[in-house]
Amino acid sequence: MARRVRDIERRPDPDALLALTAREGRGRLKVFLGAAPGVGKTFAMLQGARRLSDEGVDVVIGLVETHGRSETAALMQGLEVLPRRLLEYRGRQMQEFDLDAALTRHPKLLVLDELAHSNPAECRHPKRWQDAEELLDAGIDVWTALNIQHLEGLADVVARITGVNVRETVPDKVLQLADDVVLVDITPDELVARLNEGKIYIPETARRATQNFFTPANLTALRELALRRTADRVDDQVADFVRVKAIEGPWGTAERLLVCIGGDERADRLVRYASRLATGLNATWLAVHMARPGADDHEAARQTRIMETLRLAERLGGETTQVTAHDFPTEIFRLAARENVTQIVVGHSRTSGLMRLARRSLADQLIRHAGEIAIHVVPTEVEATGWLWPFHAWIARARLAADLLAAALSVSLAIAFGHMLGLWLTLPNMSMIFLVAVLFCALQLGTRAAVLAALCSFLGYNFFFIEPLYTFTIAAPHEVFALLMFLAVAVLTGSLAGRVRHQAESVAKRASATQSLYEFSRKMSAVSKADEVLWAAAAHINKTFAARALLLVPADGELELKAAWPPEEQLDAGNRSAAQWALTKGEPAGWRTQTLPTLAVQYRPLSSPRAILGVCGFGPADLTHELTSEEERMLTAILDQTAIALDRALLVDEAIKVAALQENETIRDALLASLSHDLRTPLATITGAVTSLRELGEQMSAGQRQELLQSIEEESARLSRFVANLLDMSRIESGALKVRRDWVDVGDAVRAAVDRSRKAFPQHPTNMSIEPGLPFIRGDASLLEQVLFNLLDNAHKYAGEGGAIVHARREDGNVLISVTDEGPGIRQADLERIFEKFYRGGRNDGRRAGTGLGLSICRGIVNAMGGTIEAQSPAVRRRGTRIVIRIPVAEMPEAGAAA
């Protein structure tokens, strides 16, 4: 048992194996990492590339910046260099890396320098590291160079160390997912010496650099960051190796971090701190934004900061989520339990000492109830401290002046109304009038205006209505208590009313969104065709967001614009490329994304559990507007509903096609079975009779020869009827059957069909009963005779020796013709099926002769003549079958017209 447990524990980690499998077919990324410019990253990279080229590896230089260094340029001699792409930027010609040329050339190894470079707007991706990602996805190995200060997770640390804000950054996940990291390292003294020798910058630039960025302290700190980050990556590679190889060792439980972010300027620093902490712990992490129901997060600036911070967290390799709750600590711990979080990162609260007395900060509450979860409280710079800080925060808001003015006007009206009442009435307490002003501000403007109105009411009530009047002095002690109680009640009432107002607005918005989604889902459930789904989605997106909407689906390997609103929308080359990227990669492209962000439309994939079915283009009217969280959820829900409806419509189309194929397969099998049986049987009889006549004819009597000749005649007639039935069925289905509209005597048609049946089946009795004076019908006499003969033929096959009888009579406005046999009858479930093509009664092992086309042909002819045909069973004495034909009676013309 112990050995079995050890064997199980030593199995490879499934997640590690899946990650290894996911990299198959993808190129390998090798990053040459340095602490600062000039350490020799590009030189080392080119040395390695030249060595591989000498060994026969297909090496191409996509882009290398030599910065005028002759020794670096010398290493490029003899290596293939891709031509650069010429672009015009602000009136200047620029040479950029040509991604499409590299993909077309598709070398084994591509050298691509300066990974953190920002591309011009005309390029497909805004960043060069995204170009490298596309090359890797195409199966091309990429070697690149990167300085440690360009890692996005270290940007704030580097800014504090060097005083320089780095604008061009690379997400930390790029380095984390690199297959190999090579640290190119020299000491700070050697680097400064190279700088002074002019090997990095020109003398004037080098002199300024040594005074600012290239100081020994800065270089030492950057070197330590580069060493630590390289060591972390090596440690990750070792961990991956031992998990894949199932090497036994002491492994602790994985750490998982959660960082709480707000909508202020501190959030990005918290996110970067959490990213660095997670990298050092080799842990996954989650960024969460908490908001209260009805909170004022729909403010444009705040919402923009929140969304930018969440995108930063995703770029740094974290997961993101947004949660709405009243009790933040409880919800955070609930989320931590659900996500197996071991450590929580939270910012230090900027509340003053006075505010802390009234309410604990979020960090204090988390620490108090943390239990076994570690809490990291990150200190942040504060712009204002002390008891005046809340007023500074309020003044920073643009609407404070309007709220203050509204509060003052409301209280002024309350004072004026109180004085007017005082002229006619003697009121012991005027405080209720001021509460009305507070409630008015709360309901109309919100909590802040209500609190301001409460403060103004406190002062106004004291000044105008408490003795001594027109002064803030209070004579009676009980008035002091009453006034303070009034202030507390006013603030509390105003706050509650303001919160109710916010919640009511929030509920109204969500109710509107829910109603809109409900109407859309009902509309989607009612449509069954893919085109209808796409047009309904385009119209709904335009109506909901006042934005352009484009729906594209793949057709013959190309994206085709199937629906757009406004309908005249068309795609240019850039938009088509973004849509194709969204379809191929399953990621958004275009406006406010990392791929072609200069476009005015954002393209999102329509994903179903089966596949990516198409692409939706969303173009807001205001390109500066950031989608709020509510709008983002609404758009996501609409696209999900569209994808589900589109998937259902496509499945219906596929089901119809499959059903048609199955029906064709059934018909083909039935036809082949009929051909194999009903052609082979008469042909075998004819062949046997002819052979007997040829070989034994002289030895046979005249009666024997006559019998063989009769069998040849009968089987030939049978074969002729079989071929005729096939031709008639083909003519009926193709619409080539032409039915004449002549005057037909039904009695003559019945007699002709019965005479023909008696000759064809002399061993089976055929009787008829025709009502005298039957009216004429309009139709084709020969085809009616053929129908009756087919019915008699079918009756003789299944009735045995009982024979068949034909009745013809008038019934209401129709002529009714029935053919009845005394066979075994037909099951009720098969009364309609017998008119289907190739259907036969009985089982395959006891099948009757025939193709199974006779009754189907009869129905086609009768319907073409304007009549109906049906089967009834049992017919007589609880057995037998009756086929009933009803054809409308035609009005007989006058004698002269008939002639």
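Along each chain, the written sequence defines residue order, and numbers are assigned to residues from 1. For a predicted model such as this one, the threshold for reporting local features is a pLDDT of at least 70, and the threshold for listing and counting side-chain atom pairs is 80 or more; totals across whole chains, interfaces and linings nevertheless cover every residue. The basis for the side-chain values is all heavy atoms of the structure; hydrogens and waters are excluded.

**Student:** How would you summarise the overall build of the chain if you had to cite specific residues and measurements?
**Tutor:** Here a strand is any run of E in DSSP of at least two residues, a helix any run of H or I of at least four, and the numbering for each starts at the N terminus. Each helix and strand counted, the chain has 29 helices and 25 strands in total. Exposure classes here rest on a 1.4 Å probe applied to the protein chains alone. A residue is buried below 20% of its type maximum, exposed above 50%, and partly exposed in between. Burial statistics for the chain: of 899 residues in total, 43% are counted as buried. Within the chain, contacts between residues separated by at least 24 positions form 69% of all contacts whose residues are at least 6 apart in sequence. About 47400 Å² of surface is accessible on the chain, with carbon and sulfur atoms providing 55% of the total. When checking whether two residues touch, look at their non-hydrogen atoms; a contact exists if any pair is within 4.5 Å. The Shrake-Rupley method, run with a 1.4 Å probe, gives the accessible areas here. Residue values count only the displayed protein chains as cover.

**Student:** Tell me what's going on with the sheet that holds strand S24 (residues 868-872), and back it up with residues and numbers.
**Tutor:** Strand pairing requires that DSSP identify at least two bridges connecting the strands. Spatially, five strands are ordered S20-S22-S23-S25-S24 in an open sheet, and the strand pairing comes out mixed. Bordering the open sheet on either side are strand S20 (766-770) and S24, each of which pairs with just one other strand. Strand-to-strand twist of the sheet, defined as the mean angle between neighbouring strand axes without regard to direction, takes the value 15 degrees. Where strand S23 (residues 814-821) and strand S25 (residues 881-888) come together, eight bridges link them in antiparallel fashion. Considered in S25, the bridge of Ile-817 is made with Ile-885. Its contacts with the sheet put helix H26 (residues 746-760) on S20, strand S22 (804-811) and S23, and the angle it makes with S20 is roughly 170 degrees. Here an axis means a line fitted to C-alpha atoms, over the contact stretch when the element is a helix, while the angle between two N-to-C directions is reported on a 0 to 180 degree scale. Helix H27 (residues 781-799) contacts S20, S22, S23, S24 and S25 of the sheet and is inclined by roughly 25 degrees relative to S23.

**Student:** Could you give an account of the confidence of the model for the chain, with specific residues and numbers?
**Tutor:** On a scale of 0 to 100, pLDDT captures the predictor's confidence in every residue. Predicted confidence across the chain gives a mean pLDDT of 78, with 81% of residues reaching 70 or more. Confidence, expressed as mean pLDDT per element, reaches its minimum in the chain at helix H1 (residues 2-9) with 41 and its maximum at strand S6 (residues 109-112) with 93. This model gives residues 352-358 a pLDDT under 50, and the stretch forms seven contacts once residues within four places in sequence are excluded. Every residue in residues 382-397 scores below 50 in pLDDT, and together they form 14 contacts with partners more than four places removed in sequence or on other chains.

**Student:** Talk me through the packing of H26 against H27; I want residue IDs and the actual numbers.
**Tutor:** It is the contact of H26 with H27, at a shortest axis distance of 9 Å, that shows an interaxial angle of 40 degrees. As the angle between them shows, H26 and H27 are arranged oblique. Considering only the axes of H26 and H27, their crossing is right-handed. In this structure, H26 uses Ala-749, Val-750, Ala-752, Ala-753, Val-754, Arg-756, Ser-757 and Ala-760 to contact H27, whose residues at the interface are Leu-784, Glu-785, Gln-786, Leu-788, Phe-789, Leu-792 and His-796. Note on terminology: angles under 35 degrees are roughly parallel, angles over 145 are roughly antiparallel, angles of 65 to 115 are roughly perpendicular, and the others are oblique. Here a crossing is taken to be left-handed if its near helix is turned anticlockwise relative to the far helix by less than a right angle, and right-handed if that turn runs clockwise.

**Student:** Please provide a residue-by-residue account of the environment of Phe-333, values included.
**Tutor:** Looking at the element boundaries, Phe-333 is found in helix H14 (residues 328-338). Residue Phe-333 is classed as buried on the basis of its relative accessible area of 18%.

**Student:** Describe the sheet that holds strand S8 (residues 180-184), with residues and values.
**Tutor:** Taken together, six strands build an open sheet; the order of strands is S3-S2-S6-S7-S1-S8 and the sheet is parallel. Looking at which strands have only one partner, the edges of the open sheet turn out to be strand S3 (80-81) and S8. By the bridge criterion, two bridges tie strand S2 (residues 59-63) to S3 in an arrangement that is parallel. In the sheet register, Ile-61 faces S3, and the bridge partner there is Val-81. Sitting on the sheet, helix H3 (residues 41-54) is in contact with strand S1 (29-34), S2, S6, strand S7 (141-147) and S8, with an inclination near 165 degrees to S7. Where helix H6 (residues 128-137) meets the sheet, its contacts fall on S1, S2, S6 and S7, and the angle it forms with S6 comes to roughly 180 degrees.

**Student:** Give a detailed account of the side chain of Asp-821, specifying residues and quantitative values.
**Tutor:** Structurally, the position occupied by Asp-821 is in strand S23. Definition of a polar contact: a pair of N or O atoms within 3.5 Å, with one able to donate and the other able to accept a hydrogen when the atoms are protein atoms, and with sequence-neighbouring residues admitted only if both atoms are side-chain atoms. Engagement of the side chain of Asp-821 in a polar contact is seen with the backbone nitrogen of Gly-823, the distance being 2.9 Å. Apart from residues lying up to four places away in sequence, Asp-821 is in contact with Ala-795, Ala-799, Gly-803, Val-876, Gly-880 and Thr-881.

**Student:** Run through the nonpolar core, naming residues and quoting values.
**Tutor:** Generally speaking, nonpolar side chains in soluble globular proteins are found buried as a group. If you look at the biggest cluster of nonpolar residues, it comprises 58 residues, and the most contacted ones within it are Phe-97, Leu-110, Val-111, Leu-112, Leu-135, Leu-146 and Ile-148. Discounting chain neighbours no more than four positions away, the residues touching Val-111 are Met-45, Leu-46, Ala-49, Val-59, Val-60, Ile-61, Gly-62, Leu-63, Val-64 and Trp-143. Counting residues in each nonpolar core, the second largest holds 37 residues, with Leu-784, Leu-788, Ile-817 and Cys-858 among its members. Definition used in this section: a nonpolar core is a set of buried Ala, Val, Leu, Ile, Met, Phe, Trp, Tyr and Cys residues joined via side-chain atoms within 4.5 Å.

**Student:** Which residues make up unusual backbone geometry, and what are the values?
**Tutor:** For the peptide bond that leads from Trp-565 to Pro-566, omega is 5 degrees, which places it in the cis range. Take Pro-566: it is sitting in the loop between strand S15 (558-565) and helix H23 (573-585). A cis amide bond links Ser-873 with the next residue in sequence, Pro-874, at an omega value of 0 degrees. Tracing the backbone through its elements, the reader meets Pro-874 in the loop between S24 and S25. You will see that Asn-340, though not glycine, has its phi angle at about 55 degrees, which is positive. As for its position among the elements, Asn-340 is in the loop between H14 and strand S12 (343-347). Overall, Asn-340 belongs to the exposed group, its relative accessible area being 57%. Its identity is not glycine, yet Arg-592 carries a phi of approximately 55 degrees, on the positive side. Within the secondary structure, Arg-592 is located in the loop between strand S16 (589-590) and strand S17 (602-607).

**Student:** Tell me about helix H9 (residues 188-196), and please be specific about residues and values.
**Tutor:** Pro-188, Leu-191, Val-192 and Leu-195 are the residues of H9 that are buried. What you see down the axis of H9 is that its buried residues fit within an arc of 100 degrees, all on one side. Arc definition: it is the arc formed by the directions from the helix axis to the C-beta atoms.

**Student:** Tell me about the pattern of salt bridges, residues and numbers included.
**Tutor:** We define a salt bridge as a contact between a side-chain nitrogen of Lys or Arg and a carboxyl oxygen of Asp or Glu at a distance within 4 Å. Counting across every chain of the model gives 31 salt bridges. Put simply, Lys-108 and Asp-141 hold a salt bridge, and the shortest N to O gap is 3.5 Å. Of the two residues, Lys-108 sits in the loop between helix H5 (99-105) and S6 while Asp-141 sits in strand S7, which places them 33 residues apart along the sequence. Taking the relative accessible area as the measure of exposure, Asp-141 reaches 14% and is therefore buried. Each of Arg-26, Glu-133, Asp-137 and Lys-585 takes part in one network of salt bridges that share partners.

**Student:** Give me the side chain of Arg-276: which residues, what numbers.
**Tutor:** Turning to its location among the elements, Arg-276 is positioned in helix H12 (residues 267-281). Here Arg-276 is in contact with Gly-153, Leu-154, Asp-156, Val-157, Arg-160 and Arg-229, once residues within four sequence places are set aside.

**Student:** Can you break down the packing of aromatic side chains residue by residue, with the values?
**Tutor:** For Phe, Tyr and Trp, rings pair up if their centres lie within 6.5 Å, where Trp contributes its six-membered ring, and each pair is then called stacked (planes under 30 degrees apart), edge-to-face (over 60) or tilted (otherwise). A full pass over the atoms with the stated rule returns two aromatic pairs. Judged by centre distance (5.4 Å) and plane angle (85 degrees), the ring pair of Phe-545 and Phe-618 falls under edge-to-face. Placement of Phe-545 in helix H22 (residues 530-545) and of Phe-618 in strand S18 (residues 612-619) is noted, with a sequence separation of 73 residues between them. Judged by its relative accessible area of 16%, Phe-545 falls in the buried class. Sitting over a ring, as applied to charges here, requires NZ of Lys or CZ of Arg to be within 6 Å of the ring centre and within 35 degrees of the ring normal. In this structure, Lys-30 packs its charged tip against the face of Trp-143, placed 4.5 Å from the ring centre. Across the ring face of Phe-835, the terminal group of Arg-859 is positioned such that the distance to the ring centre comes to 4.2 Å.

**Student:** I'd love a proper account of H14, names of residues and values included.
**Tutor:** Each full turn of the α-helix corresponds to 3.6 residues, which orients residues three or four apart in the same direction. Within the sequence span of H14, burial applies to Phe-328, Pro-329, Glu-331, Ile-332, Phe-333, Leu-335 and Ala-336. Tucked inside the fold, the buried residues of H14 contact strand S9 (256-261), strand S10 (284-291), strand S11 (319-324), S12 and helix H16 (362-368).

**Student:** How would you sum up the environment of Glu-319? Please name residues and give values.
**Tutor:** Looking at where Glu-319 falls in the secondary structure, it is placed in strand S11. Among all residues touching Glu-319, those that are not within four sequence positions of it are Arg-256, Trp-285, Leu-286 and Ala-287. Of the polar contacts made by the side chain of Glu-319, one reaches the side chain of Arg-256; its length is 3.3 Å.

**Student:** Any chance you could break down the packing of H27 against helix H28 (residues 854-864) for me, citing the residues and the numbers?
**Tutor:** Two numbers describe a pair of packed helices, the interaxial angle and the distance between the axes. At their nearest, the axes of H27 and H28 sit 9 Å apart, and the two run at 150 degrees to each other. Between H27 and H28, the crossing angle belongs to the class labelled roughly antiparallel. Regarding H27 and H28, the two cross each other, and that crossing is left-handed. Contacts from Leu-783, Val-787, Asn-790, Leu-791 and Asn-794 of H27 reach H28 at Gly-854, Leu-855, Ile-857, Cys-858, Ile-861 and Val-862. Taken together, the residues of the contact of H27 with H28 sort by class into eight nonpolar, three polar and no charged. Nonpolar residues are Ala, Val, Leu, Ile, Met, Phe, Trp, Tyr, Cys and Pro. Charged residues are Asp, Glu, Lys and Arg, and all others, Gly as well, are polar.

**Student:** Now, about a nonpolar patch on the surface: what can you tell me, with residues and values included?
**Tutor:** Residues enter a patch when their relative accessible area is above 30% and they make no salt bridge; the linking distance is 9 Å between like charges and 5 Å between nonpolar side chains (Val, Leu, Ile, Met, Phe, Trp, Tyr). A cluster of nonpolar side chains, contributed by Met-420, Leu-423, Trp-424 and Leu-425, occupies part of the molecular surface with about 520 Å² of accessible area. In this structure, Leu-423 sits in helix H18 (residues 400-424).

**Student:** Can you lay out the environment of Gly-813 for me, pointing to particular residues and giving the numbers?
**Tutor:** Turning to its location among the elements, Gly-813 is positioned in the loop between S22 and S23. Assessed through its relative accessible area of 43%, Gly-813 is described here as partly exposed. Residues Gly-813 and Val-889, 76 residues apart in the sequence, show an inter-C-alpha distance of 5.8 Å. Beyond its immediate chain neighbours, meaning those up to four positions away, Gly-813 contacts Pro-888 and Val-889.

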